[in-house]
Amino acid sequence: MNDKEIMENLLQTTKGVCDLYMHGVIESSTQNVHSTFDDALSQSLCMQNQIYSQMSQQGWYPMQQAQQQQIQQVHDKFAQPQL
């Protein structure tokens, strides 16, 4: 397993952990539990961002710029009143 594959696995795992913590925040029934999950989510999101940044610097996570027309289409779709 090379460095890129390791980083990809770390990123996927961290994203999954973020998803679990987010559901914990949403579903928590007490403020103490809510705060605990919220803190864990915040830390995990920071970790995810650091992993992504490292991958991006290495060229392992290329991003494509959205065209203005695509942005406008999405904006128009969600700006219309929902019936």
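In this report, the structure presented in the accompanying data block is examined.

The rules behind the values
Residues numbered from 1 in each chain as written. Predicted model: local features only at pLDDT ≥ 70, side-chain atom pairs only at ≥ 80, totals over all residues. Heavy atoms only, no water. Helix = DSSP H or I, 4+ residues; strand = E, 2+ residues; numbered from the N terminus. Rg over C-alpha atoms; globule rule 2.2 N^0.38 Å. Buried < 20%, exposed > 50% of the residue type's maximum accessible area, 1.4 Å probe, protein only. Contact = heavy atoms within 4.5 Å. Areas by Shrake-Rupley, 256 points an atom, 1.4 Å probe, with all protein chains shown as cover. Phe/Tyr/Trp six-rings, centres within 6.5 Å; stacked < 30°, edge-to-face > 60°. Patch = residues over 30% accessible without salt bridge, like charges linked within 9 Å, V, L, I, M, F, W, Y side chains within 5 Å. Salt bridge = Lys/Arg side-chain N within 4 Å of Asp/Glu carboxyl O.

1. Considerations on the overall build of the protein
Line of reasoning, step 1. Helices and strands together make up the secondary structure of the protein, namely 3 helices and 0 strands.
Line of reasoning, step 2. Along the chain direction, N to C, the helices and strands of the protein fall in the order α-α-α.
Line of reasoning, step 3. A compact globule built from 83 residues would reach a C-alpha radius of gyration of about 12 Å, whereas the protein, at 18 Å, exceeds it by more than 25%.
Line of reasoning, step 4. For the protein, the C-alpha atoms occupy an extent of roughly 45 × 45 × 15 Å along the three principal directions.
Line of reasoning, step 5. Relative to its 83 residues, the protein shows a buried fraction of 16%.
Line of reasoning, step 6. At a minimum sequence separation of 6, the contacts of the protein that also span at least 24 residues come to 58%.
Line of reasoning, step 7. Total accessible area computed for the protein in this model is approximately 6900 Å², and 52% of it derives from carbon and sulfur atoms.

2. What to know about the packing of aromatic side chains
Line of reasoning, step 1. Scanning all chains against the criterion turns up 2 aromatic pairs.
Line of reasoning, step 2. The interplanar angle of 55 degrees and the centroid separation of 6.2 Å between the aromatic rings of Y21 and F37 together place this pair among those described as tilted. Of this pair, Y21 sits in helix α1 (residues 3–27) while F37 sits in helix α2 (residues 31–58), and the two are 16 residues apart along the sequence.
Line of reasoning, step 3. For the pair Y52 and Y61, a centre-to-centre distance of 5.1 Å together with 85 degrees between the ring planes defines the contact as edge-to-face.
Line of reasoning, step 4. Overall, the relative accessible area of 24% leaves Y52 in the partly exposed class.

3. Notes on the side chain of Q48
Line of reasoning, step 1. Along the chain, the position of Q48 falls in helix α2.
Line of reasoning, step 2. Relative accessible area serves as the criterion here: at 19%, Q48 is assigned to the buried category.
Line of reasoning, step 3. If near-sequence neighbours (up to four positions away) are discounted, Q48 is found in contact with L11, T14 and K15.

4. With respect to the side chain of T14
Line of reasoning, step 1. Among the secondary structure elements, T14 is positioned in helix α1.
Line of reasoning, step 2. Among residues more than four places away in sequence, those in contact with T14 are S44, M47, Q48 and I51.

5. Considerations on a nonpolar patch on the surface
Line of reasoning, step 1. Where nonpolar side chains cluster on the molecular surface, the patch consists of M1, I6 and L10 and spans about 310 Å² of accessible area.
Line of reasoning, step 2. Tracing the sequence through the fold places I6 in helix α1.
Line of reasoning, step 3. Judged by its relative accessible area of 36%, I6 falls in the partly exposed class.

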